[in-house]
Structures are given as structure tokens and as C-alpha cells.
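So you can see what is in the structure, the chains are spelled out below.
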Amino acid sequence: MSKKVMLSMVILLVCVGFSFICIVMLSNTKSQPTNDNIVKPKNALPIKYEKNSVTYVNGHVIVNKTLALPAKYKPGENKIAKKQLNKLLKQAEKRNLDLKITSGYRNFESQSKVVDAFVENDGEQKTAKYAAKPGHSEHQTGLAFDVGTKQSLNDFHNDFEKTKEAHWLANHAADYGFIIRYPKGQSQDTGYAYEPWHLRYVGPQLAKVIKEKNTNLESYYHLNK
Ligand SMILES: [Zn+2]
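Residues numbered from 1 in each chain as written. Predicted model: local features only at pLDDT ≥ 70, side-chain atom pairs only at ≥ 80, totals over all residues.

Caption draft 1: Main features of the overall build of the protein chain. Secondary structure assignment for the protein chain yields eight helices and seven strands. Expressed as a percentage of the 225 residues in the protein chain, the buried residues total 24%. Put simply, 67% of the contacts in the protein chain that link residues at least 6 apart link residues at least 24 apart. (Helix = DSSP H or I, 4+ residues; strand = E, 2+ residues; numbered from the N terminus. Buried ≥ 20, exposed ≤ 12 C-beta atoms within 10 Å, placed from the backbone. Contact = placed C-beta atoms within 7 Å.)

Now the structure itself:
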């Protein structure tokens, strides 16, 4: 009889012990971080750093009115960006849109020549609104392209935004990894007037976020603070 009692007690103890282990394991699971309390990348601050006098934010080269590129920075045309631009142009052509590349990579010296020519035509003040000083042009990154229509427009700077081509670009450039670098109504942040023709390659992920938020690199990365 006492053996039976002993056995029952052992079984009971094993059961209690097992339940205890289960409870401890369950409560441990509850204290594990969940998707909600892990800091997601989109909540993290952008990482800004400088390498060989070139500024990067989260790996993206940044150049604007305040941040310049050194004259010796000559990366050439970015192959991925160009490939993506060609895809974009092909798609535009399929849709009977009249788009072509009008400008791509420019090194420091060629930017100087371009600006000199603009100043001669438009004067220094007007030129400053749409043309960057040498070292401050995004075209020096090899990641920026200007597009235009094959058919010439009377006043390209004012008329391009009204074309169906510009409208399509605004809606689809991000699919190919490009942003409209100087969006309408954001010149206070970017330092430049609206340029519906100037595309900057940042990759599809960032391009889509910037498009959806209707923002620009300076605001998105808090670069003017
Ligand atoms: Zn441009």
C-alpha cells in the first residue's frame, strides 16, 4: 500500500514539476521582444558620414547648395543608374511618350563650363536658381540625369511640367529608382526651383518612400537642421 502512495506522490511531483517548467517557459516567451517593440529601421535616425570629403547619408551621396563634392571626385556615369534610366525610357517609348536624355554625368570642370555659359545668357542671379556651382552639381555624382522631349518646347523650363511626359515621370520614376530631386513647392528645403526633368537615382526602396511622402532628400534626412 505504501508503495502505491509513494508512486502516486512521485507521479504527482513529476506532473507539478512539468507544469512549473511549462509556466516558466511560457512567461519567458511573453518577455521576448515582439515586432512592435523592436526599433525598426524607419524609426532610426539617418546615419550621416563623410569619406574623402564626400558626404553620405545611409549610403547615399548627398550634394546640395551647402554640401559640395571635391573637384577630384570623378566617379563617372553610374552603370546601375544608367541601366535603370534606359529601362524607364523604354517603358515611356512603349507608351508613346516623347522622352530623351538631355544631360548626364558632368565632372567638376564641365560643370564650370556649363555654368559660365548660363551666366552669359541669363545673368548670375537667374542662373543660381537652376544651375549649381561647380562642386555642388548632382550631375557630378553620376547618378543624376536630365530628361526632355525630343520635340522642342518653346520655353522648356516653364513648359515641360505641363507635358504628359512630365506627368508620367512624376508617377513612374520611382518604379525605376529615381526621384524628382527638386520637387514643386520644396525649394526652401532643396535650394532649387522645381525641376520636373532632373532625376536622381537612389534605388527603388528610397525612391518610393520619398515619392509617397512627397518629400525630398534634405527634408527626409533632416539635413537642414
Ligand atoms: Zn539636372
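Still to come is the rest of the account.
Caption draft 2: Region of interest: helix H3 (residues 108–130). Helix length check: H3 (23 residues) gives 17 Å between terminal C-alpha atoms against 33 Å at 1.5 Å per residue, more than 12% under. A maximum bend of about 115° is found in H3 at Gly123. (Expected span 1.5 Å × (residues − 1). Bend = angle between axes of the 7 residues up to and from the residue.)

Caption draft 3: Representation of unusual backbone geometry in the model. In this structure, Asn52 takes a positive phi of about 50° despite not being glycine. With 8 C-beta atoms counted inside 10 Å, the residue Asn52 sits in the exposed group.

Caption draft 4: Local environment of the sheet that holds strand E2 (residues 54–57). On the basis of which strands lie adjacent, the open sheet formed by three strands has the order E1-E2-E3 and antiparallel pairing. Here the strands that pair on one side only, and so sit at the sheet edges, are strand E1 (48–51) and strand E3 (60–62). Strand-to-strand twist across the sheet, computed as the mean angle between neighbouring axes with direction ignored, equals 40°. Taken together, the four bridges between E1 and E2 define a ladder with antiparallel strand orientation. (Pairing = 2+ DSSP bridges. Axes fitted to C-alpha atoms, helices over the stretch in contact; angles between N-to-C directions.)

Caption draft 5: View of helix H2 (residues 79–94). Given a rise of 1.5 Å per residue, 16 residues ought to cover 22 Å, and the 23 Å separating the end C-alpha atoms of H2 matches this to within 8%. The complete set of buried residues in H2 reads Ala81, Gln84, Leu85 and Leu88. Along the axis of H2, the buried residues cluster in a sector spanning 105°; they form a single face. Residues of H2 that are exposed and angled more than 90 degrees away from the buried face: Lys79, Asn86, Lys90, Glu93 and Lys94. Structurally, H2 contributes buried residues whose contacts are with strand E4 (100–103), strand E5 (144–148), strand E6 (178–180) and strand E7 (198–201). Taken from the residues just after H2, Asn96 is the one with a positive phi, measuring 55°. (Arc of directions from axis to C-beta.)

Caption draft 6: Examining the environment of Gln151 more closely. Mapped onto the secondary structure, Gln151 falls in the loop between E5 and helix H4 (156–159). Sequence separation of Gln151 and Asp98 is 53 residues, and the distance between their C-alpha atoms is 7.4 Å.

Caption draft 7: Representation of the sheet that holds E5 in the model. Within the open sheet, the four strands sit side by side as E4-E5-E7-E6. Their pairing is antiparallel. Edge positions in the open sheet fall to E4 and E6, since each of these has one partner strand only. Each neighbouring strand pair of the sheet contributes to a mean axis angle of 45°, computed without reference to strand direction. Bridge count between E5 and E7: three bridges; the pairing is antiparallel.

Caption draft 8: Structural detail: the nonpolar core. Counting 31 residues, the largest nonpolar core has Ala173, Phe178, Ile179, Leu199 and Ala207 as its most contacted members. Of all the secondary-structure elements, those providing two or more residues to this core are E3, H2, E5, helix H5 (164–172), E6, E7 and helix H7 (204–212). In contact with Ala207, not counting residues within four places along its chain, are Ala174, Gly177, Phe178, Ile179 and Val202. (Core = buried A, V, L, I, M, F, W, Y, C linked by C-beta atoms within 7 Å.)

Caption draft 9: Representation of the pairing of E7 in the model. Of the two faces of E7, the one holding His198 and Arg200 and the one holding Leu199 and Tyr201 are both buried throughout. Inspection of the sheet shows E6 paired to E7 by three bridges, in the antiparallel sense. Looking across to E7, one finds that Ile179 is bridged to Arg200.

Caption draft 10: The environment of Pro75, seen in detail. Residue position: Pro75 is located in the loop between E3 and H2. Distance in space between the C-alpha atoms of Pro75 and Tyr105 is 9.0 Å, their sequence separation being 30 residues. Residues in contact with Pro75, not counting those within four places in the same chain, are Thr141 and Gly142.

Caption draft 11: Inspection of the pairing of E2 at higher detail. Taking the residues that link successive antiparallel strands as the turn, the E1-E2 hairpin has two residues, and the phi of Asn52 there is positive, at about 50°. Note: E2 against E3, three bridges, orientation antiparallel. By the bridge assignment, Thr55 is partnered in E3 with Ile62. Counted along the chain from E2 to the antiparallel partner E3, the turn is two residues long, and its residue Asn58 has a positive phi close to 45°.

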